[in-house]
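Given next are the chains, with one letter for each unit.
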Amino acid sequence: MPIKNSKQKKKKKDNIEKEPKEKKEPAFQTVRGMHDILPKDEDRWKAIWNIGEKMSELYDFSLIETPILESAALFEAGIGVGTDIVEKEMFSFKTKGDEVVVLRPEGTAPVMRSYIQHHLGRFSSPLKVYYVGQMFRYEKPQAGRYRAFHQWGFETIGEGDPFYDAQTILLAVNFLKELGIKNVTLKINTVGCRVCRPNYRKKLLAYYKGEKKHLCADCLRRYEKNPMRLLDCKEEECKKMREDAPIILDHLCQSCNGHMKEVLELVEENGLEYEPDPYLVRGLDYYNRTVFELIAKDSAGFALAGGGRYDYLGELVGGRMIPAVGVSLGMERLVEYMEEKKIFVKAKKKPGVFFVIIGDPAKKVGFRLIHKLRESNMRVLEAVGKKSLKAQLKAANRAGTELALMLGQKECFEETVIIRDMRTGVQETVLAEKIIEETKKRLR
Ligand code: AMP
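Rules of the game
- Residues numbered from 1 in each chain as written.
- Predicted model: local features only at pLDDT ≥ 70, side-chain atom pairs only at ≥ 80, totals over all residues.
- Heavy atoms only, no water.
- Helix = DSSP H or I, 4+ residues; strand = E, 2+ residues; numbered from the N terminus.
- Rg over C-alpha atoms; globule rule 2.2 N^0.38 Å.
- Contact = heavy atoms within 4.5 Å.
- Areas by Shrake-Rupley, 256 points an atom, 1.4 Å probe, with all protein chains shown as cover.
- Axes fitted to C-alpha atoms, helices over the stretch in contact; angles between N-to-C directions.
- Parallel < 35°, antiparallel > 145°, perpendicular 65-115°, else oblique.
- Left-handed = near helix turned anticlockwise from the far one by under 90°.
- Nonpolar A, V, L, I, M, F, W, Y, C, P; charged D, E, K, R; others polar.
- Pairing = 2+ DSSP bridges.
- Near = heavy atom within 4 Å.
- Polar contact = N/O pair within 3.5 Å; in protein donor to acceptor, adjacent residues only side chain to side chain.
- Salt bridge = Lys/Arg side-chain N within 4 Å of Asp/Glu carboxyl O.
- Buried < 20%, exposed > 50% of the residue type's maximum accessible area, 1.4 Å probe, protein only.
- Phe/Tyr/Trp six-rings, centres within 6.5 Å; stacked < 30°, edge-to-face > 60°.
- Lys NZ or Arg CZ within 6 Å of the ring centre and 35° of its normal.
- pLDDT = per-residue confidence, 0-100.

> Would you mind showing me how to read the overall build of the protein chain here?
Of the regular secondary structure elements, the protein chain holds 16 helices and 16 strands. The C-alpha atoms of the protein chain give a radius of gyration of 29 Å, which is well past the 22 Å a tight globule of 444 residues would have. In the protein chain, the share of contacts with a sequence separation of at least 24, taken over all contacts with a separation of at least 6, comes to 71%. When the accessible area of the protein chain is evaluated, it comes to approximately 24,000 Å², of which 51% is carbon and sulfur surface.

> Looking at this model, I keep getting lost on the packing of helix α2 (residues 42–58) against helix α6 (residues 162–178). Mind explaining?
When two helices pack together, their arrangement is given by the angle between their axes and by how far apart the axes lie. Running from amino to carboxyl end, α2 crosses α6 at an angle of 140°, the nearest separation of the two axes being 10 Å. One finds that α2 runs oblique with respect to α6. Here α2 and α6 pass one another in a crossing that is right-handed. Taking contact as the criterion, the partners of I48, I51, G52, K54 and M55 in α2 are, on α6, L171, N174, F175 and E178. For the contact of α2 with α6, a count of residues per class yields 5 nonpolar, 2 polar and 2 charged.

> Looking at this model, I keep getting lost on the sheet that holds strand β10 (residues 303–309). Mind explaining?
Paired through backbone hydrogen bonds, the strands of a sheet run either parallel or antiparallel to each other. Ordered by their spatial adjacency, 8 strands build an open sheet running β1-β5-β6-β11-β10-β9-β7-β8, and the pairing between neighbours is mixed. The open sheet has two free edges, formed respectively by β1 (62–63) and β8 (275–276), since each of these has just one partner strand. When strand β7 (residues 184–190) meets strand β9 (residues 288–296), the two strands line up antiparallel, connected through 7 bridges. The partner of T190 across the bridge, within β9, is T290. Contacts from helix α5 (residues 108–117) reach β5 (127–136), β6 (148–157) and β11 (324–330) within the one sheet, and its direction differs from that of β6 by about 45°. Set on the sheet, α6 makes contact with β5, β6, β7, β9, β10 and β11; between it and β11 the angle comes to about 15°.

> I keep staring at the site of the ligand and nothing clicks. Help me out?
Around the ligand, the surrounding shell holds 15 residues, and the nearest of these are R137, E139, Y146, R282 and A303. The separation between an oxygen atom of the ligand and a polar main-chain atom of L304 is 3.1 Å. In this structure, an oxygen atom belonging to the ligand sits 3.3 Å away from a main-chain N or O atom of G330. Elements that contribute at least two residues to the shell around the ligand include exactly β6, β10 and β11. At 4 residues, the largest contribution of residues to the shell around the ligand is made by β10.

> Is there a simple way to explain the pattern of salt bridges in this structure?
Close approach of charged atoms allows side chains with opposite charge to pair. Summed over the entire model, instances satisfying the criterion amount to 30 salt bridges. Residue K40 is joined to D41 by a salt bridge in which the shortest nitrogen-to-oxygen separation is 3.1 Å. Note that D165 is salt-bridged to R309, the shortest N-O span being 2.7 Å. Remark: R309 occurs in strand β10 and D165 occurs in helix α6; sequence separation between them is 144 residues. Given the relative accessible area of 1%, D165 is considered buried. Each of E87, K88, D218, R221 and K225 takes part in salt bridges that share partners, so that together they form one network.

> Honestly, the packing of aromatic side chains in this entry has me stumped. Any pointers?
Here a ring pair, both rings aromatic, is described through the centre-centre distance and the interplanar angle of the planes. One pass over the structure, following the stated rule, counts 11 aromatic pairs. Considering the side-chain rings of F163 and Y164, the 5.1 Å spacing of their centres and the 70° angle between planes classify their relative orientation as edge-to-face. On the accessibility criterion, F163 (42% relative accessible area) is partly exposed. For Y164, a relative accessible area of 16% gives the class buried. Taken together, the ring pairs in this structure connect W49, F61, Y130, W152, F154 and F175 into an aromatic cluster. Above the plane of the ring of Y312 lies R194, whose end atom (NZ or CZ) is 3.9 Å from the centre. A cation sits over an aromatic face here: R242 above Y279, 3.9 Å from the ring centre.

> Help me understand the confidence of the model for the protein chain in this model?
Interpretation of this model should avoid reading the predicted coordinates in detail wherever pLDDT is low. Here the protein chain averages 91 in pLDDT, while 95% of its residues score no lower than 70. Segment residues 4–14 is flagged for pLDDT under 50; beyond a separation of four residues in sequence, or across chains, it makes 10 contacts in the model.

> Explain the sheet that holds strand β2 (residues 69–71) to me, please; I cannot follow it from the model alone.
Read from one edge to the other, the open sheet built from 3 strands follows the order β2-β4-β3, with strand pairing classed as antiparallel. The outermost strands of the open sheet, each flanked by one partner alone, are β2 and β3 (91–94). Across the sheet, the mean angle from the axis of one strand to that of its neighbour is 35°, orientation sign disregarded. Judged from the 3 bridges that link them, β2 and strand β4 (residues 100–103) form a sheet pairing that is antiparallel. Within the sheet, the bridge partner assigned to E70 lies in β4 and is V102.

> It is not clear to me how the environment of E65 should be interpreted in this structure. Could you clarify?
Locating E65 in the fold gives a position in the loop between β1 and β2. Taking the C-alpha atoms as reference, E65 lies 46 Å from K213; in sequence the two are 148 residues apart.

> Please explain the packing of α2 against helix α12 (residues 331–340) as it appears in this structure.
The geometry of α2 relative to α12 is characterised by a closest axis approach of 10 Å and an angle of 125° between their N-to-C directions. Between α2 and α12, the angle falls in the class oblique. When you trace α2 past α12, the crossing you get is right-handed. In contact with R44, W45, I48 and W49 of α2, α12 contributes M331, E332, L334, V335, M338 and E339. Of the residues belonging to the contact of α2 with α12, the class tally is 7 nonpolar, no polar and 3 charged.

Below, the structure written as structure tokens:
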């Protein structure tokens, strides 16, 4: 064995930064409510990506990506000024050019902005697009609720047929199923339309009028600005109040009634169970007719996904009615749920080789050979900072590669490389110029 594992090298410390003994908070940390995605969660994030892409292909959705910064006015017009998001949760600021912009709080209004701006309706009807990205809401941080989080969203724009409402629901349910999340409740409701909603709103205001003293501060505001949101307050007193409140199902116009009926029939057609929830109204102004959420039965009750129909958004942000329906899945919540329930996913990686370089003179040749291997589509790992053979082989073991390719001064001189089978420890010397074929031959 030409490469020495010398004692003298043992003494020489690998240049690893040792963690300081006493625990001191680092000076810089993520901003409150924000978080890092760490390598330990890579497999779960990748699983969501892979399944998201697979579902997008199967259901024929194409990628759309909009900027993280949008004008504040887009959301004020689209989501509505009386909503929690616009009133309290937007990260907004003025640019040097005096434009008021926000870090987008959600993806649907930007997609509709893009649809109108680029005349995307010309290309297909309906337009089916998906987006993946970070959203920002200045909410009270707590488990499962962040100020920056990722959503995977699907939007079908240009169609009012209940077929697409049902398809959107099914798509989200199947997305979760593919991830191994099967135990979900589909909560569904309708929020009516401009024909039936005003009448219902009146009934609701009349019901709550004499009861205002029982409402929380938020609901008092909602009473003035967005009375349907009185129904989804989480305060116990307000929840009690809603028990006798009129429900929209009793006040739907014929057309909304027919739409809802058809959505439910299509959902049933696919064997999906659902729970009608008259208190599900969702916070945004742009929803009409179908609204829904998917909630894991064995969780704290957080929604994993939510969506609905938003036929008026086009008009709110672009001046004309464009029927549309969509859903978005909260990716952090999916990752956390999978972690909690030990839903194990392993991202498939190419079998890798670990390249061991001993001594500085071997570095240049090693650098070239590693590049050659990668050019031939091989995954190569290395730990050049660890100087000793033992430390590098230990790292190879930990990484679980099948092979280690080893290069020292002698091999450089002889233009060879040693290939070590990490399971058996058997080593063979091969010509450096044959490194690609020889490695491929030995990789299973
Ligand atoms: P929404 O855009 O409010 O309909 O939310 C859609 C999905 O995004 C929800 O069902 C959650 O899974 C996720 N989500 C919404 N807000 C947050 C948040 N603050 N932190 C983490 N996930 C969120």
